[in-house]
Amino acid sequence: MSDTTKDLAYAAFVEAAWSRHLGVATLLTGNPHQAEELLQDCLVKLYVRWRRVAAGDPDAYLRRMLVNGNVSRWRRRRRELLTAQTPDRIDPASAPREPNEELRRALLALSHQQRTIVVLRYFEDLTEKSVAAALGCTVGTVKNQHHRAIRRLRELLRHLDPRQNTEIAR
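On a predicted model such as this, the values are computed, not experimentally measured, just so you know.

1. A look at the packing of aromatic side chains
Each aromatic ring pair is described using two quantities: the centre-to-centre distance and the angle formed by the ring planes. Per the counting criterion, the structure on display carries three aromatic pairs. Between Tyr10 and Trp50 the ring centres are 5.4 Å apart and the planes differ by 80°, which places this aromatic pair in the edge-to-face class. Here Trp50 lies in helix H3 (residues 50-53) and Tyr10 lies in helix H1 (residues 3-29), a separation of 40 residues in the sequence. Each of the two residues, Tyr10 as well as Trp50, counts as buried. Look at Phe13 and Trp50: their rings are 5.2 Å apart centre to centre, the planes differ by 40°, and that puts the pair in the tilted class. Remark: Trp50 occurs in helix H3 and Phe13 occurs in helix H1; sequence separation between them is 37 residues. Exposure class is identical for Phe13 and Trp50. Each is buried. Here a set of aromatic residues connected by ring pairs shows up, and it is made of Tyr10, Phe13, Tyr47 and Trp50. Residue placement shows Lys6 over the ring face of Tyr47; its charged tip is 4.6 Å from the ring centre.

As structure tokens, this is what we get:
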């Protein structure tokens with residue numbers, strides 16, 4: 001594969017997969033700006049490995065990179081930063097609400113692994129076996145964490161009209 005062919009194949013992949021993987025990254029990070037940064041970082045790393053990855057399943061490889069990159073970002077951010085003054089906070093009641101704001105907040109309330117499993121199962125429509133492979137864990141772990149995540153989402157969204165969250169009520 002020549003460098004020109006490699007570049008064209010990579011560019012075609014990025015163009016076709018950008019919006020889908022940006023959606024996954026947004027759901028994983030909970031922030032569209034961090035999601036775009038995460039996706040761009042992963043795409044740079046993917047380009048370096050493109051010759052090897054292109055022959056297999058580049059979507060699955062990129063998905064795994066997004067999950068791992070988000071875990072690394074999350075672990076780095078988890079360290080507490082001390083400041084002299086507390087930051088000003090906006091009153092949540094006065095902030096404008098988007099239609100899916102409650103669901104977004106509920107997803108962010110889940111543990112990192114549970115949120116990742118929910119995103120991969122429902123947004124990416126992966127099987128439990130595929131999610132386990134993407135996360136490097138057992139199918140039993142995926143089932144257990146998925147069950148706990150759905151139960152937690154039901155608790156968090158219980159106050160909403162049941163007709164609005166039929167997906168979660170199942």
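2. Here we look at the side chain of Arg115
Relative to the elements of secondary structure, Arg115 occurs in helix H6 (residues 112-123). Separated by 3.1 Å, the side chain of Arg115 and the backbone oxygen of Leu28 make a polar contact. In this structure, Arg115 is in contact with Leu27, Leu28, Leu107, Leu108 and Leu110, ignoring residues within four places of it in sequence.

3. Concerning the nonpolar core
Counting residues in each nonpolar core, the largest one holds 27 residues, and the members touching the most others are Phe13, Leu43, Leu46, Leu62 and Leu66. Elements represented by at least two residues in this core include exactly H1, helix H2 (32-48), H3, helix H4 (58-77), H6 and helix H7 (128-135). Ranked by residues supplied to this core, first place goes to H1 with seven residues. Every residue in contact with Leu43, bar those within four places of it in the chain, is listed here: Tyr10, Val14, Trp18 and Leu62. Membership of the second largest hydrophobic core comes to eight residues, among which are Leu107, Val118, Ala149 and Leu153.

4. Quick look at unusual backbone geometry
Although it is not a glycine, Asp125 sits at a positive phi angle of roughly 55°. Within the element layout of this structure, Asp125 appears in the loop between H6 and H7.

5. Details of the pattern of salt bridges
Using the criterion set out here, one finds five salt bridges in the structure. Among the salt bridges present, the one from Glu124 reaches Arg20, with a minimum N-O distance of 2.8 Å. Here Glu124, found in the loop between H6 and H7, pairs with Arg20, found in helix H1; they are 104 residues apart in sequence, far enough to count as distant. Under the relative-accessibility criterion, Arg20 is labelled partly exposed at 37%. Linked through salt bridges whose partners overlap, the residues forming this network are Arg20, Arg63 and Glu124.

What counts as what
Residues numbered from 1 in each chain as written. Predicted model: local features only at pLDDT ≥ 70, side-chain atom pairs only at ≥ 80, totals over all residues. Heavy atoms only, no water. Phe/Tyr/Trp six-rings, centres within 6.5 Å; stacked < 30°, edge-to-face > 60°. Helix = DSSP H or I, 4+ residues; strand = E, 2+ residues; numbered from the N terminus. Buried < 20%, exposed > 50% of the residue type's maximum accessible area, 1.4 Å probe, protein only. Lys NZ or Arg CZ within 6 Å of the ring centre and 35° of its normal. Polar contact = N/O pair within 3.5 Å; in protein donor to acceptor, adjacent residues only side chain to side chain. Contact = heavy atoms within 4.5 Å. Core = buried A, V, L, I, M, F, W, Y, C linked by side-chain atoms within 4.5 Å. Salt bridge = Lys/Arg side-chain N within 4 Å of Asp/Glu carboxyl O.

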